[in-house]
Amino acid sequence: MPTDPDATDETLMLGYRDGDAAAFDILYVRHKGGVYRYLLRQCRNAALAEELFQDVWMNLIRARAGYVVQARFSTYLYRIAHNRLMDHFRRHDNHTVSLDDESAAAIDEPVAPAGLQPDISAESRAQAAQLLTLLEKLPDEQREAFVLQQEGGLSVEEIAEATGVARETAKSRLRYALVKLREGMQSWR
Amino acid sequence: MALNPGTDMEHDPQLAADYRRVSAEMPPASLDDRLRAAARREVGAGPSRKRFGSAWQMPLSLAAVVVLSVTMVLMMREEGVDRIAPDLPPPAAEAVAPQVAVESAARQGRAEASRLSPVPEALPPAVTGTQQADLAPANATPPLMAKAKSASAPPAPAPGAPLRDESVSAERNVAPAQETLRAMRRSAPVGAAADSAAGPTPGGAATAAMSAPVPVEGRVLWHDLVNEPAEKWLQRIAEWRRAGRTADANLLLAECRRRFPDLPLPDDAAVR
């Protein structure tokens, strides 16, 4: 029976668990961009983000046999991504990356993606670059909360679950992030 | 600080729209291909060695089943007769029992001899006879087999083959029992030798009966004559023929011939 492209993420993951490789393809197309950008925003290095991205999906593939629906698939997927990211930071001891560090040279400069949306004006590009710069300057936890909300569509509760913190903590992080971003973008509005 | 329209403490639609407009980075296509291939490999659906193996899985399984089945059938054919034999009375042992033991039993009288008989009373003679025919060794004595199968007197004995008709008659009587035994064989295959011994032709059955061992029942017929002279045997044979017990008389005659090979037989003792 062909895989239903409109099926929910959870149904698709269950289908993949039961051997439906096409279900994985649909899931991958749905979430590859969000997961990649989440990792890219957090590690700020495209090459490293690709490596982590591959690990996240491979972990998902390996864990497919034991998959059960306990939460939204997005929460499950971003928890894998968060854990992989934390593991990387622990190993390399560079959890807190400052733009003043020596390693800052290796960090990709946040630039608005050119060419993807040709109709974006120069002003919009500048606005995008400003938003990304503001995002870079956020503390990791606050940035993570914002990106999880935007890329994964996670609620406060789901952000808390994905990052392993209490709901109030996640809520606080998200609020601080929004306040700082709004303040930074005030001049563009 | 003023919030954008529709903004609450955890949501800002304006910021979200701005972010969506600039957030379009995607992983390289090479990663896409690699991960999809890995996902297919994991479930065995990808073009990998695993898939090649799974393509051969069914034929290999079928071949293994066929080889195992043939091996089991051959083994059961070799062991089939030995498996069934312990469930039956040991006819061969009875047939080769020392003559001394038979005579000793005869001396103890009919009742004692009957008690010594290992043939179960509840078993129909036809079934017993057929089973014995199926499992008979080639050197067994033929006439007593017929006694076990039939008490009816067959007409027109053929010269030179005195007991063949008796055996054929007995084979007719035991046909249902043979069917039962064939059904048993179908459910639990036994040796080819046993199958051929229970062949469908009357001649084949008669041959099986001729090669059957001496049934225990037959010994009861003459247990009181074992120490008697030949005249007593002939007298008994003649009595039974007059009484219409042709089958018993034939059995007794065969035993008499075996015991007294040089004895000339009177007309009333001849096989009918």
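Residues numbered from 1 in each chain as written. Chains lettered and ligands numbered in written order. Predicted model: local features only at pLDDT ≥ 70, side-chain atom pairs only at ≥ 80, totals over all residues. Heavy atoms only, no water.

Enquirer: Which parts of the structure should I look at to understand the interface of chain A and chain B?
Expert: One widely used convention gives an interface's size as the accessible area the parts lose upon coming together. Counting from both sides, the interface comprises 46 residues of chain A and, opposite them, 34 residues of chain B. Summed over the shared surface of chain A and chain B, the number is five salt bridges. Here Glu10 of chain B makes a salt bridge to Arg175 of chain A, at a shortest N to O gap of 3.0 Å. Scanning the region where chain A abuts chain B turns up 17 residue pairs in polar contact (both at pLDDT 80 or more). Every element with two or more residues in the side of chain A that touches chain B is listed here: α2 (21-43), α3 (46-62), α5 (122-137), α6 (140-152) and α8 (167-185) of chain A. (Contact = heavy atoms within 4.5 Å. Salt bridge = Lys/Arg side-chain N within 4 Å of Asp/Glu carboxyl O. Polar contact = N/O pair within 3.5 Å; in protein donor to acceptor, adjacent residues only side chain to side chain. Helix = DSSP H or I, 4+ residues; strand = E, 2+ residues; numbered from the N terminus.)

Enquirer: Help me understand the confidence of the model for chain A, please; the structure alone is not making it clear to me.
Expert: As a note on interpretation, predicted positions should not be read in detail where pLDDT is low. Per-residue confidence for chain A averages 86 on the pLDDT scale, and 85% of its residues sit at or above 70. When the criterion is pLDDT under 50, residues 96-107 of chain A qualifies, and its contacts beyond four places in sequence or with other chains add up to eleven contacts. (pLDDT = per-residue confidence, 0-100.)

Enquirer: Sorry, what's going on with the side chain of Arg64 of chain A here?
Expert: Following the sequence through the fold, Arg64 of chain A ends up in the loop between α3 and α4 (73-92). No salt bridge is formed by the buried Arg64 of chain A. Its closest oppositely charged neighbour is Glu42 of chain B, at 4.1 Å. Of the polar contacts made by the side chain of Arg64 of chain A, one reaches the backbone oxygen of Glu42 of chain B; its length is 3.2 Å. Ignoring any residue separated from it by four or fewer positions in sequence, one finds Arg64 of chain A in contact with Met13, Tyr16, Arg17, Asp18 and Gly19 of chain A together with Glu42 and Val43 of chain B. (Buried < 20%, exposed > 50% of the residue type's maximum accessible area, 1.4 Å probe, protein only. Lys, Arg positive; Asp, Glu negative; His and termini not counted.)

Enquirer: For this particular structure, what's the right way to read α3 of chain A?
Expert: Residues separated by three or four positions in an α-helix point in the same direction, a consequence of the helix having 3.6 residues per turn. Between its first and last C-alpha, α3 of chain A extends 24 Å over 17 residues, near the 24 Å set by a 1.5 Å rise per residue. For α3 of chain A, the complete set of buried residues consists of Leu48, Ala49, Leu52, Phe53, Val56, Trp57, Leu60 and Ile61 of chain A. Where the residues of α3 of chain A are buried, they touch α1 (9-17), α2 and α4 of chain A together with α2 (29-43) of chain B. If you check the start of α3 of chain A, you find a side-chain oxygen 3.0 Å away from the backbone N of Ala47 of chain A, and it comes from Asn45 of chain A. (Expected span 1.5 Å × (residues − 1).)

Enquirer: How should I be thinking about the pattern of salt bridges in this particular structure?
Expert: Applying the stated criterion across every chain, the model contains 23 salt bridges over all chains. The partner of Glu151 of chain A in a salt bridge is Arg37 of chain A, with the nearest N and O atoms 2.9 Å apart. Taken together, the positions of Glu151 of chain A in helix α6 and Arg37 of chain A in helix α2 put the pair 114 residues apart, joining distant regions of the chain. Side by side, Glu151 of chain A and Arg37 of chain A carry an identical accessibility label, which is buried. Where Asp18 of chain B meets Arg21 of chain B, a salt bridge forms, and the shortest distance between an N and an O atom there is 2.9 Å. Of this pair, Asp18 of chain B and Arg21 of chain B both sit in helix α1 (residues 13-22), three residues apart, which is roughly one turn of the helix. A residue is classified by how much of its surface remains accessible, and Asp18 of chain B, at 2% relative accessible area, is buried.

Enquirer: Would you mind going over the packing of aromatic side chains with me for this structure?
Expert: In this description, a pair of aromatic rings is defined by centroid distance and the angle of the planes. Residue and element names in this part refer to chain A. The tally for this structure, following the rule as stated, stands at twelve aromatic pairs over all chains. Between the aromatic rings of Tyr16 and Phe24, the centroid separation amounts to 5.1 Å while the plane-to-plane angle is 45 degrees, which identifies the pairing as tilted. The rings of Tyr16, Phe24, Tyr28, Tyr36, Phe53 and Trp57 are connected pair by pair, giving a single aromatic cluster. For Arg64, the ring lying beneath its charged end belongs to Tyr16, and the centroid distance is 5.6 Å. (Phe/Tyr/Trp six-rings, centres within 6.5 Å; stacked < 30°, edge-to-face > 60°. Lys NZ or Arg CZ within 6 Å of the ring centre and 35° of its normal.)

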